[in-house]
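Given next are the chains, with one letter for each unit.
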Amino acid sequence: MTNLIFLIPAALFLGGMSLIGFLWALRSGQYEDLDGASQRILMDDEKEEEAARAAKMR
Amino acid sequence: MTCCAPGADMALQAAGALPSDDEVVLSSRALGNGLHQVELAVPGVHCAACIQTIEKSLGKLPDVVSARVNLSTKRVSVQWVGEKLPPIVQTLVSVGYVPNLFSTEALASDKALSELIRAVAVSGFAAANIMLLSVSVWSGAEGSTRDLFHWISALIAIPALMFAGRIYYRSAWSALRQGRMNMDVPIAIGISMAYAMSLYETITHGHYAYFDASVTLLFFLLIGRTLDHVMRDRARSAVIGLARLQPQGAVVEEKNGRREYRPVSEIVEGSRLLVAVGERVPVDSIVESGQSDIDASIANGESAPQPVAPGKELHAGVLNLTGPLVLRALRPASSSFLAEMTRLMEVAEGGKARYRRIAERVSTLYAPVVHLTAILTFVGWIFATGDWHRSITVAIAVLIITCPCALGLAVPIVQVVAARRLFEGGVMMKDGSALERMVGVDTVVFDKTGTLTLGTPRLVNGREISPSKMAIASELATHSRHPVSKAIMAEGIGMGERFDEVHEVPGCGVKGLLGKDEWALGRAQWAAPKSLDANGTVLAKNGSEVARFVFDDRLRPDAKSVVAELAGRGVSVSMLSGDQEAQCDAVAARLGIDDYAAELLPADKVLRVQALAEEGRNVLMVGDGLNDAPALAAAKVSMAPATAADIGRNAADFVFLGDSLDAVPLAMEVAKGADRLIKENIGLAILYNALAVPIAILGYVTPLIAAIAMSASSLLVIGNALRLMRRKRRHKVAEVVAPLREALT
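Every chain is numbered on its own, with residues counted from 1 as its sequence reads. To read the labels, note that chains go from A and ligands from 1, taken in the order they are written. Only residues with pLDDT of at least 70 get local features here, since the model is predicted, and only at 80 or more are side-chain atom pairs given and counted; chain-wide, interface and lining totals rely on the full set of residues. The side-chain numbers reported here are obtained from all heavy atoms of the structure, hydrogens and water having been left aside.

Colleague: I keep staring at the overall build of chain A and nothing clicks. Help me out?
Modeller: Numbered from the N terminus, helices here are DSSP runs of H or I no shorter than four residues, and strands are runs of E no shorter than two. Of the regular secondary structure elements, chain A holds three helices and zero strands. Going residue by residue from the N terminus, the α and β elements of chain A occur as α-α-α. Note on exposure labels: buried denotes an accessible area under 20% of the residue type's maximum, exposed denotes more than 50%, and partly exposed covers the range between, all computed with a 1.4 Å probe on protein chains only. The buried share among the 58 residues of chain A stands at 16%. Roughly 4,800 Å² of accessible area belongs to chain A as shown, and the carbon and sulfur atoms make up 64% of that amount. With residues, only the protein chains shown are counted as cover, and all accessible areas are computed by Shrake-Rupley using a 1.4 Å probe.

Colleague: Quick question: what am I supposed to make of the UniProt feature "transmembrane region" (unreviewed entry) in chain A here?
Modeller: UniProt positions are given in the numbering used here, feature names are shortened, and annotations may be inferred rather than shown by experiment. Taking the UniProt record as the reference, the feature "transmembrane region" (unreviewed entry) is found at residues 6–26 of chain A. Between the C-alpha atoms that bound residues 6–26 of chain A there is a distance of 30 Å. The span itself is 100% helix and 0% strand.

Colleague: Sorry if this is basic, but what is going on with a nonpolar patch on the surface here?
Modeller: Patches here: salt-bridge-free residues with over 30% relative accessible area, like charges joined within 9 Å, nonpolar side chains (Val, Leu, Ile, Met, Phe, Trp, Tyr) joined within 5 Å. Salt bridges are defined as contacts in which a side-chain nitrogen from Lys or Arg sits within 4 Å of a carboxyl oxygen from Asp or Glu. A cluster of nonpolar side chains, Phe13, Leu14, Met17 and Ile20 of chain A, forms an exposed patch at the surface whose accessible area comes to about 460 Å². Considering the arrangement of structural elements, one finds isoleucine 20 of chain A in helix H1 (residues 2–27).

Colleague: Sorry if this is basic, but what is going on with the packing of helix H6 (residues 143–177) of chain B against helix H8 (residues 211–240) of chain B here?
Modeller: In a pair of packed helices, the angle between the axes and the distance between the axes together describe the arrangement. All names here are of chain B. Every axis in this analysis is a line fitted to C-alpha atoms, fitted for helices over the stretch in contact. Angles between the N-to-C directions lie between 0 and 180 degrees. Where H6 meets H8, the axes come as close as 9 Å, and the angle between the chain directions of the two elements is 35°. In the packing of H6 onto H8, the handedness of the crossing is left-handed. Contacts between H6 and H8 involve His150, Ser153, Ala154, Ala157, Ala160, Leu161, Ala164, Gly165, Ile167, Tyr168 and Ser171 from the former and Phe211, Ser214, Val215, Leu218, Leu221, Leu222 and Arg225 from the latter. Residue polarity is assigned by list, with Asp, Glu, Lys and Arg as charged and Ala, Val, Leu, Ile, Met, Phe, Trp, Tyr, Cys and Pro as nonpolar; anything else, Gly included, falls into the polar class. Counted by class, the contact of H6 with H8 contains 12 nonpolar, five polar and one charged residues. Each crossing gets its hand from how the near helix is turned against the far one by less than a right angle, where anticlockwise is left-handed and clockwise is right-handed. Whether two residues are in contact is decided by their heavy atoms, any of which lying within 4.5 Å being enough.

Colleague: Is there a simple way to explain the pattern of salt bridges in this structure?
Modeller: Pairing between side chains becomes possible if they bear opposite charge and their charged atoms approach one another. With the rule as written, the count across this model stands at 24 salt bridges over all chains. The partner of glutamate 266 of chain B in a salt bridge is arginine 262 of chain B, with the nearest N and O atoms 3.9 Å apart.

Colleague: Help me out: how do you make sense of the sheet that holds strand S23 (residues 572–576) of chain B in this one?
Modeller: Through backbone hydrogen bonds, the strands of a sheet pair up, either in parallel or in antiparallel fashion. All names here are of chain B. Pairs of strands are assigned from DSSP output, requiring at least two bridges between the strands. Sheet architecture is open: seven strands sit in the order S14-S27-S26-S25-S15-S23-S24, paired in mixed fashion. The open sheet has two edge strands with one neighbour each: strand S14 (427–429) and strand S24 (595–597). Adjacent strand axes in the sheet meet at a mean angle of 20° when their direction is disregarded. Pairing analysis gives four bridges linking strand S15 (residues 443–447) to strand S25 (residues 619–622), with the strands arranged parallel. Paired with valine 445 across the bridge in S25 is methionine 621.

Colleague: I keep staring at the interface of chain B and chain A and nothing clicks. Help me out?
Modeller: Much of the literature gives interface size as the accessible area that the parts lose upon coming together. The interface is formed by 25 residues belonging to chain B together with 22 residues belonging to chain A. Buried area is calculated as the accessible area (1.4 Å probe) missing from two parts once they are joined, with the contributions of both summed. Interface area, chain B with chain A, both sides summed: about 1,900 Å², of which 68% is carbon and sulfur. Put simply, chain B and chain A have one salt bridge between them. Where glutamate 55 of chain B meets arginine 40 of chain A, a salt bridge forms, and the shortest distance between an N and an O atom there is 2.8 Å. Between N or O atoms, a polar contact is any pair within 3.5 Å; within protein, one atom must be a potential hydrogen donor and the other a potential acceptor, and residues adjacent in sequence are included only when both atoms are from side chains. In this structure, the connection of chain B to chain A is made through seven residue pairs in polar contact (both at pLDDT 80 or more). Elements represented by at least two residues in the side of chain B that touches chain A include exactly helix H3 (48–59), strand S3 (64–70), helix H5 (109–138) and H6 of chain B.

The structure is reproduced here in structure tokens:
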């Protein structure tokens, strides 16, 4: 019985955190463009590329 | 340029002119601090390279603060500072993406979707946690431990029911208030009763609590509802993203000579309007000065462009082809041709409004039967045992077990799967009920111009004209935007002979000097006055005819095979057109349509469709023009191509994106398959009830049995619906074969 007093709140807390996390992600617009997100990962980050090139030149 | 260099989508765009800067400004909104934002649809984006190209090129513009592409909705949202609009449209076109404006009222539906997703998340969280606690109870938690678990479940269930359940409570309440019954009424009653009884059981240290059942039920139902919503949203946003054919405004010349761009709603009778080449006439008006040709195909179905001169009346929506026009508005937008069509549409709306959805019909029977069974069970148990508590428990168990979980999922899931299949075939379904109405269609009515044909002329006798003359004609044709010129250009190969002093005479044709000879391409009457036949298009050298061009309207690819296929299925096909008899006769003969009517007014089309409906036929109307919109509304179910007038697109239940008319038999086939599955699913749900209800009435249902029965029936229904996806492979093959066939013919 005493384990339950710790375990149940702990389980609910963890579950609740993930729910809050999901709602936050939803609110911050992360689900608005799922197709775009999967494509954007393929795009090169220009600034880093330039920095890398600049580093090579030196 | 990239893997997806625009091209496929360009064909779609050709019909609509680019949004002008004034229109973009009109549809932008101020964000404060001098910041403005506008959203444009860019149907051409496909991949990461597209996103990058657009964002980079727009980001380079000096005043643009941010540009962000949404690939899912195929839109780009641009923010800029200052009053002056940066050249957004021009930039997009220069990198190869044709933007369209869309109406902002469509964005409201996004709110409903995010409410649904939040509800799914909350109910999912609650269902999972309560289910875990329930499993402990089922596996033997006793005494105070069980009570503790029940109490925790009750606490978790309350916010879930309030937050996620309110969607159902709201819908059930509004149905009841109007004296109707819908599927949400038994759902709302079921979950509330289950909760109330479980709470009582918990307080009195009872054995059985149904918190898990009531929350899981909610979770499953919300999933079905959300999927349905997502599907419809996707179809709707794809349709919204299409080029808009109705102008949002026009350049108005004030009395003091100042020119200003005004929204259509501010144009009054007597306003002087300037309509440039390539623009559409915003309101019914009369030509004051200027010469041009107009394309009225979208307005009244006439395929051949007509010359216009001062004094000619123009309907709203016609396209100005060759010369700038000054018009005087005859009527404000609210009583223009377009508004008249809207009114006709409202009057015509019959078949659709009267149709009641299968789910609705089932629920009007279902809910009373279920509630009556529960009451009878209660009365029966009271008589048999006299035990109030026991009787109420059993009656509520009946309510829970019959809660239409499978039934609530049965219809939307099938429609979601069907909509997905149609979507892949390039057909957008705007409403689930359209699929039901499509079943049993036995008469297909086609419009001619723009539906059976592409609405663009095609040169018929190009091979009979000598290549040298063709070369001259096509060289001259490059100087005109007239559709006939474009048809000549498409057939002829320019020889690179340069003309001097080429100029276009609006409403007549193109004239140019080659050496000492004056060549003219255009109306016979103007180019070669001595010619015997004053009608038609000719090429003339120094005023005498040297070649005559014959055009006809280009048929949609597959139009003929689709008509034959429909006839083969026993569907009667007819054609209603606003065009002239001769044109209709030619098209009807080529397609093998026996039943056609020409020179119809919009109201005539409605009457014809209604007459067919009165004969007891189920009419599918396929049309694109402004003049078809009322008939689209009058038919039981309707389809429109993506190139249709906005009002027609909004009136139609289905919008197909490709050129091919194959979409019509595809939609009919999917509708038939979906109908069978819906009926099967409802049958399964009834079978489930037939098995489960006696068990419930006899009082043998425990929370464990309820949970298993409900989940099993839901999974069965979903699994059955997914069978519709399996037949897709055959269509994939057809997709590969179709272009090959086209290339060969």
